[in-house]
Amino acid sequence: LNPFHVMAHPFAGYEAMKDEHMGSVWWSLGLLAALFLSRMMTLCYTGFLFNDYRLEEIHLFAEFAQLMAIVLGFVICSWAVGTLMDSEGHFYEMFNATVYALCPYILTQIAAVLLSNIIVLREQAFLTALNAVGGYLTAAGLLIGIIKTHKFTFGKAILFILLVLVGILFLLFLFLMFYSLVGQLGTFLHSLYSELQYRL
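Small disclaimer: the values here were computed from a predicted structure and weren't measured.

Novice: How should the overall build of the chain be read in this particular structure?
Specialist: The helix and strand inventory of the chain stands at eight helices and zero strands. Secondary structure elements of the chain, listed N to C terminal, follow the sequence α-α-α-α-α-α-α-α. Here the chain has a C-alpha radius of gyration of 21 Å; the compact-globule value for 200 residues is 16 Å, and the former is much larger. Reported as C-alpha extents along the three principal axes, the dimensions of the chain are approximately 75 × 50 × 30 Å. When the 200 residues of the chain are sorted by exposure, 36% land in the buried category. Approximately 12,700 Å² of the chain is accessible, and the part contributed by carbon and sulfur atoms is 72%. Averaged over its 8 positive side-chain charges, the chain has a centre that lies 3 Å from the centre of its 12 negative ones.

Given below as structure tokens:
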């Protein structure tokens, strides 16, 4: 199944991805590339009236790493929480369902970039509404994907999402703690090296 079909028919699409194994990792990888490109378009080509970013401050690798960390962090936490909640979903199914759900967001981001170059500042409400539609459709698709992939009820899917968000916060805490420890270790080694140079 291609993501546009799943976006148009989410219940049947995600059910086919789960029961008939019709999801495609290649489509998912293509959508991740499209997500990165849409992000770059937003940063670089949004109309100057609505663009607060400076081109010289944009770092491609940092933007790419941030997007991939968000997506993969959500998928990994989904897999971990799903294991604890007796989910029927496999890791690659969760990955496909998560990335397929991003299709409306990607399309609305590209449309918002194009629209931002032809409207004036007092019409900014159109951009806000377009971005909101993309966000809501993505959230709805993700919820349906979770229900169909994991074979959860609506209530259990909501609980699952809350636990996944807690898991993401925990991962973020571990990352920040690791980053802090590495920084302190680097400072200690630099001080030790400077002291040895002084002694010698």
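Novice: For this particular structure, what's the right way to read the pattern of salt bridges?
Specialist: Evaluated as defined, the whole model comprises four salt bridges. A salt bridge links Lys 148 to Glu 15; the nearest nitrogen and oxygen atoms lie 3.5 Å apart. Separated by 133 residues along the polypeptide, Lys 148 in helix α7 (residues 124-150) and Glu 15 in helix α2 (residues 10-19) bring together distant segments of the chain. A salt bridge links Glu 63 to Arg 39; its shortest N-O distance comes to 3.1 Å. Note that Glu 63 is positioned in helix α4 (residues 60-84) and Arg 39 in helix α3 (residues 25-45), a separation of 24 residues in sequence. For Glu 63, a relative accessible area of 14% corresponds to the buried category. By relative accessible area, Arg 39 is classed as partly exposed at 24%.

Novice: What's the story with the environment of Gln 109 in this structure? I'm lost.
Specialist: Looking at the element boundaries, Gln 109 is found in helix α6 (residues 103-116). Residue classification places Gln 109 among the buried residues on the basis of a relative accessible area of 11%.

Novice: What should I look at first to understand the side chain of Thr 42 in this one?
Specialist: Its location among the elements puts Thr 42 in helix α3. A distance of 2.8 Å separates a polar atom in the side chain of Thr 42 from the backbone oxygen of Ser 38. Setting aside anything within four residues of it in sequence, one finds Thr 42 in contact with Asn 51, Gln 109 and Val 113.

Novice: How do you make sense of the side chain of Asn 51 when you look at a structure like this?
Specialist: One can find Asn 51 in the loop between α3 and α4. Of the polar contacts made by the side chain of Asn 51, one reaches the backbone oxygen of Leu 43; its length is 3.0 Å. Setting aside its immediate chain neighbours within four residues, Asn 51 contacts Thr 42, Leu 43, Cys 44 and Thr 46.

Novice: What should I look at first to understand the confidence of the model for the chain in this one?
Specialist: Low-pLDDT stretches of the model should not have their predicted coordinates read in fine detail. Looking at the chain, pLDDT values average 88 and 99% of them are 70 or higher. By mean pLDDT, helix α8 (residues 154-199) is the weakest element of the chain at 86, and α6 is the strongest at 93.

Novice: Looking at this model, I keep getting lost on a nonpolar patch on the surface. Mind explaining?
Specialist: A contiguous nonpolar surface patch, about 940 Å² in accessible area, is contributed by Leu 72, Ile 76, Trp 79, Phe 91, Phe 170, Leu 171, Phe 173, Leu 174, Met 177 and Leu 181. Where the nonpolar patch is concerned, the elements lending two or more residues are α4 and α8. Among the elements that line the nonpolar patch, the one with the most residues is α8, at six residues.

Definitions and cut-offs
Residues numbered from 1 in each chain as written. Predicted model: local features only at pLDDT ≥ 70, side-chain atom pairs only at ≥ 80, totals over all residues. Heavy atoms only, no water. Helix = DSSP H or I, 4+ residues; strand = E, 2+ residues; numbered from the N terminus. Rg over C-alpha atoms; globule rule 2.2 N^0.38 Å. Buried < 20%, exposed > 50% of the residue type's maximum accessible area, 1.4 Å probe, protein only. Areas by Shrake-Rupley, 256 points an atom, 1.4 Å probe, with all protein chains shown as cover. Lys, Arg positive; Asp, Glu negative; His and termini not counted. Charge placed at Lys NZ, Arg CZ, Asp CG, Glu CD. Salt bridge = Lys/Arg side-chain N within 4 Å of Asp/Glu carboxyl O. Polar contact = N/O pair within 3.5 Å; in protein donor to acceptor, adjacent residues only side chain to side chain. Contact = heavy atoms within 4.5 Å. pLDDT = per-residue confidence, 0-100. Patch = residues over 30% accessible without salt bridge, like charges linked within 9 Å, V, L, I, M, F, W, Y side chains within 5 Å.

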